[in-house]
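# Summary of the model geometry
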Protein chains: 2
Amino acid sequence: MEQLFSDRIKDVKASEIREILKLAARHDIISFAGGLPAPELFPTKEMEVVTQLVLETMGEEALQYCPTEGYNPLRDHIANRMKPSGIEVTRDDILITSGSQQGLDFSGKIFLNPGDVVLCESPSYLGAINAFRAYEGTFREIETDIQGMVMEDLEKALKESKNVKMIYAIPDFQNPSGRTWSLERRKKLIELANKYNKPIVEDNPYGDLIFEGERLPSIKSLDTKGLVIFLGTFSKTFCPGLRIGWVCASPEILNKFIMVKQSADLQCNSMSQREISIFMDKYDLDKHVEKIKAVYRRRRDLMMDSMKKYFPESVTWTHPTGGLFTWVIVPENIDTKKLMEKSLATIKVAYVPGASFFPNGGVTNTMRVNFSTMSDELIVEGIKRLGKLLHEEIKSLGHQSNEPLYREEFTIV
Amino acid sequence: MEQLFSDRIKDVKASEIREILKLAARHDIISFAGGLPAPELFPTKEMEVVTQLVLETMGEEALQYCPTEGYNPLRDHIANRMKPSGIEVTRDDILITSGSQQGLDFSGKIFLNPGDVVLCESPSYLGAINAFRAYEGTFREIETDIQGMVMEDLEKALKESKNVKMIYAIPDFQNPSGRTWSLERRKKLIELANKYNKPIVEDNPYGDLIFEGERLPSIKSLDTKGLVIFLGTFSKTFCPGLRIGWVCASPEILNKFIMVKQSADLQCNSMSQREISIFMDKYDLDKHVEKIKAVYRRRRDLMMDSMKKYFPESVTWTHPTGGLFTWVIVPENIDTKKLMEKSLATIKVAYVPGASFFPNGGVTNTMRVNFSTMSDELIVEGIKRLGKLLHEEIKSLGHQSNEPLYREEFTIV
């Protein structure tokens, strides 16, 4: 049967993470694996009000086909919501997508020929890697440090790599590293993209979830040539089950996204678009986001404190100032994928082994740890157990500590 | 900017139909253009009950991420609903998709390399043509008659065309022609697909909307080698705004669809999946479909009667026994695209010029006419106006009638 399939699909394999997440979903597991928002914070009661309103006042249109671009009042709300990140646009610059994952898929479809190169952070978001792979994209990982992509390496790649078709970046509270790009790097990125005329896909699902400090301008807000495609979503600030995200791009590029959306699935859910829009008419989404942030900030603090208390000296981690994830680096002789099997079987704690976030492989001693989903108690308990396992592992394998500087670099407090 | 884009997207143009539909949406237009279900038949009241139930009893999970495959109780319901078309499957054979349009997009992604050939009915569904084109698929149109694809021509194409990768068929109340395949042709199609080892994409959005006669077994139900991919949807039997459809395929093929779904948009709307599932627990969807059918049947009859009354002798049309569309053939010297401009401007009636349904072009004297959306009064009035315009057009261009036999072939009463 294999010969029936297209070349692009022949090498697509079930994601390892997906299998891990299935195991991690068992009720006896403390899971730091998923990138799930805390469900107890969903505005379920308000949604009851809002869905009734939508069905009572605009039921027929909410159940009917609607334009591909999306529900106009929602597009207006979104244009408005982008102002805090420095972006001044109107509804005409917005296409509603099925989460930002669909924006990633469409980016691959619109920009990549087989073999084309995506320049991405090392590590980068697995879902984007898989989306681009499905169009036979390849990857040149760009070195990163606490300020984001290292610009010297980016320029080197732009100069030397053939067929570079786009730069993919997650500048705010990156998945998986939890790190945030400095303003200087954002500006330099635009400069280089302009110089080499390459589109930038700015994936920004977490920007609103800022715990402390000042919000930096988005890369899109610094765009001077219309080369930046901004991907946003309500999955982390409202709820992911409605699958509502958006693409914001300059007209010529957005037009391609609209045409691709039409052939891909015609439009997003008419009802959910109205639900979110009416929610924003009736309630204060920013206030709701503040509530989420307070909880995530507390959980982040709890996790940082617990890691400090229970993790071995030779283990380091990032201190995210927003978002959902921290990134843990263990001694190089520990393979976190193998450790995960042990962790699930003995201490019943799940995380995501970091290897999958490096599209070209080679790094086996990292893990992505989520702090948004588990309760305060389970965060402390889970990190305690994981610390114990790491201590045992280091003891049994023989200590091989990272350079102290390496730790310094990753632990931003 | 053009050089930034992928080859597959460079030739994608905004669909002409899309522009027509935008014009047709004006409130002063009698539109037979869209493929829209009648919104007054949507179960809006029941949806109010159902959404409340979902949010009250399973609010958190309905707003959270859910598995890519879909909500299991809905998959069970769907497996069940496929029995009347002769398909015996379980939830494991079903993937929930964003309408059947997404099933078409994924079919293109999974099967087509650039230049690969899709064998399709002539004419065929425009949305599928666009979906396959976005993967650089090409088309060999297979001759059709009132029984479906002409099997001699299909076998000729299978023998002679290089790189045939799939057969695409809409066997029940086809879009745009309104015609239904005979059982004999269905059986022969399976025989040929097996012989040449080619997958069949069976697009079946209208099968449930049968007005008279006995329901024929779906092509999938005759599948002996697991080569048939069945695409279904709730868009025509429930409502399209929720964007819930499905793919039913053999495990090896379905597995590819699941992986593609994951990288495309992770999953379908968690809430809408539950809404439809709970609706089916609580209410009788078949009874609801009966209600829809009664209205569409009456409108079909009204349209047929009006066409008979008002259309010129030299115009012919199909007599669909289900679905949403009839297909009208006018004298060859009338270009229905040009006529449409006149029609919108003068008589304020819209239809879809048939040319777009022929992927390789060349047929300009047809139109797709929808009978499900407009009220009884507007159907009579619109057809009356269209008849008048056609009379005038034929008079001004000079009469050039079709062969009588040609009319016979298309008017199945």
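Criteria and cut-off values
- Throughout this document, residue positions are counted from 1 along each chain, in the order its sequence is written.
- All chains are assigned letters beginning with A, and all ligands numbers beginning with 1, in the order in which they are written.
- At least 70 in pLDDT is required for a residue's local features to be given in this predicted model, at least 80 for side-chain atom pairs to be given and counted, and no such filter applies to totals for whole chains, interfaces and linings, which use all residues.
- Working definition: helices are DSSP H or I runs of at least four residues, strands are E runs of at least two. Numbering for both runs from the N terminus.
- We take the radius of gyration over the C-alpha atoms and set the globule estimate at 2.2 Å times the residue count to the 0.38 power.
- Three classes are used. A residue is buried when 20 or more other C-beta atoms lie within 10 Å of its own, exposed when 12 or fewer do, and partly exposed in between, with C-beta atoms placed from the backbone.
- These domain limits were set by an automatic method or by a database of domain assignments.
- Residues are treated as contacting if the C-beta atoms built from their backbones sit within 7 Å of each other.
- For this classification, the nonpolar set comprises Ala, Val, Leu, Ile, Met, Phe, Trp, Tyr, Cys and Pro, the charged set comprises Asp, Glu, Lys and Arg, and every other residue, Gly included, is treated as polar.
- By definition, pLDDT measures how confident the predictor is in each residue, and it falls between 0 and 100.
- Fitting of the copies onto one another was done by least squares over C-alpha atoms, counting residues only where both copies have pLDDT of at least 70.
- Pairing between strands is defined by DSSP: at least two bridges between them are needed.
- Under this scheme, a helix contributes an axis fitted over its contacting stretch, all axes are lines through C-alpha atoms, and angles between N-to-C directions fall in the 0 to 180 degree range.
- To estimate how far a helix should reach, multiply one less than its number of residues by 1.5 Å.
- Should the near helix be turned anticlockwise from the far one by less than a right angle, the crossing is termed left-handed; should it be turned clockwise, right-handed.

Turning our attention to the overall build of chain A. When helices and strands are counted, chain A shows 14 helices and 15 strands. Its C-alpha atoms give chain A a radius of gyration of 21 Å, near enough to 22 Å, the size a compact globule of 413 residues would have. Expressed as lengths along the three principal axes of its C-alpha atoms, the size of chain A is roughly 65 × 55 × 55 Å. Looking at chain A as a whole, 54% of its 413 residues are labelled buried.

All names here are of chain A. Splitting chain A by domain gives domain 1 (2-42 + 287-410) and domain 2 (64-282). The centre of domain 1, based on its C-alpha atoms, is set 24 Å off from the matching centre of domain 2. Across the boundary between the two partners, domain 1 contributes 30 residues, which contact 34 residues of domain 2. Only helix H11 (285-310) and strand E12 (325-329) provide two or more residues apiece to the side of domain 1 that touches domain 2. Take the side of domain 1 that touches domain 2: its biggest share by element is 6 residues, from H11. Taken together, the residues that form the side of domain 1 that touches domain 2 break down as 14 nonpolar, 10 polar and 6 charged.

Residues and elements named next belong to chain A. Put simply, chain A has an average pLDDT of 93, and 96% of its residues get 70 or more. Low pLDDT, under 50, characterises residues 403-413; the predicted model gives this stretch 16 contacts beyond four residues in sequence or across chains. Taken together, the chains of this predicted complex give a pTM of 0.95 and an interface ipTM of 0.94.

Expressed as a screw operation, the relation of chain A to chain B combines 0.0 Å of axial shift with a rotation of 180°, fitting to an RMSD of 0.0 Å. Read as a symmetry element, the transformation amounts to a two-fold axis. An overlap of 100% is found between the interface residues of chain A and their copies at the interface of chain B, pointing to a shared contact surface.

To continue, consider the interface of chain A and chain B. Each side of the interface is counted separately: chain A has 60 residues, and chain B has 61 residues. Within the residue set of the side of chain A that touches chain B, elements represented by two or more residues are helix H1 (7-10), helix H3 (44-63), helix H5 (99-111), helix H6 (126-133), helix H9 (251-265) and helix H10 (270-282) of chain A. The greatest single-element share of the side of chain A that touches chain B, amounting to 10 residues, is contributed by H3 of chain A. For the side of chain A that touches chain B, the class distribution of residues is 30 nonpolar, 19 polar and 11 charged.

Residues and elements named next belong to chain A. Neither face of strand E10 (residues 245-248) is open: one carries Gly245 and Val247, the other Trp246 and Cys248, and all of them are buried. Sheet topology note: the strand E2 (residues 94-97)/E10 ladder contains 4 bridges and is antiparallel. Each bridged residue has a counterpart across the sheet, and for Ile96 the counterpart in E10 is Trp246. Relative to E10, strand E9 (residues 228-233) runs antiparallel, the two sharing 4 bridges. Of the residues in E10, the one forming a bridge with Gly232 is Trp246.

Here we take up unusual backbone geometry. The omega torsion across Ser122 of chain B and Pro123 of chain B is 5°, close enough to zero to call that bond cis. Summarising the element assignment, Pro123 of chain B is placed in the loop between strand E3 (117-121) and helix H6 (126-133). Backbone torsion omega between Asn175 of chain B and Pro176 of chain B reads 15°, so that peptide bond is classified as cis. With respect to the element layout, Pro176 of chain B can be found in the loop between strand E7 (164-169) and helix H8 (183-196). With a phi close to 50°, Phe173 of chain A is a non-glycine residue in the positive phi region.

Here we take up the sheet that holds E2 of chain A. Within a sheet, neighbouring strands are paired by backbone hydrogen bonds and run either parallel or antiparallel to one another. Residue and element names in this part refer to chain A. A sheet is described by the order of its strands in space; here 7 strands give the open sequence E2-E10-E9-E8-E7-E3-E4, paired in mixed fashion. The open sheet has two edge strands with one neighbour each: E2 and strand E4 (138-142). The sheet shows a mean angle of 25° between the axes of neighbouring strands, direction not considered. Sheet topology places strand E7 (residues 164-169) next to strand E8 (residues 200-203); 3 bridges connect them, and they run parallel. Along E8, the bridge assignment pairs Ala169 with Glu202. Across the sheet, helix H4 (residues 72-81) is in contact with E2 and E10; its angle to E2 comes to roughly 110°.

Right, let's get into the sheet that holds strand E12 (residues 325-329) of chain B. Residue and element names in this part refer to chain B. Taken in spatial order, the 4 strands line up as E11-E12-E15-E14 in an open sheet, and their pairing is antiparallel. Only two strands of the sheet have a single partner each, and these edge strands are strand E11 (316-317) and strand E14 (352-353). Relative to strand E15 (residues 366-370), E14 runs antiparallel, the two being bridged by 2 bridges. Counterpart to Val352 in the pairing with E15 is Arg368.

Spanning 13 residues, H10 of chain A covers 18 Å between terminal C-alpha atoms, matching the ideal 18 Å at 1.5 Å per step. Within H10 of chain A, 11 of the 13 residues are buried, which leaves it mostly tucked inside the rest of the structure. Here the buried face of H10 of chain A lies against H3, H4, E2 and H11 of chain A together with helix H10 (270-282) of chain B.

Now for the packing of H5 of chain A against H6 of chain A. All names here are of chain A. Interaxial distance between H5 and H6 falls to 8 Å at its minimum, and their mutual angle equals 35°. In the packing of H5 onto H6, the handedness of the crossing is right-handed. Residues Gln101, Leu104, Asp105 and Gly108 of H5 form the contact with H6, whose own contacting residues are Gly127, Ala128, Ala131 and Phe132. When the residues that make up the contact of H5 with H6 are grouped by side-chain class, the tally is 4 nonpolar, 3 polar and 1 charged.

Moving on, we come to the environment of Val315 of chain B. Residues and elements named next belong to chain B. Following the sequence through the fold, Val315 ends up in the loop between helix H11 (285-310) and E11. Take Val315: there are 23 C-beta atoms within 10 Å of it, and that puts it in the buried class. In the structure, Val315 is positioned 72 residues away from Gly387 in sequence and 9.4 Å away in space, judged by C-alpha atoms. Filtering out sequence-adjacent residues up to four positions away, Val315 remains in contact with Val328, Ile329, Val330 and Leu390.

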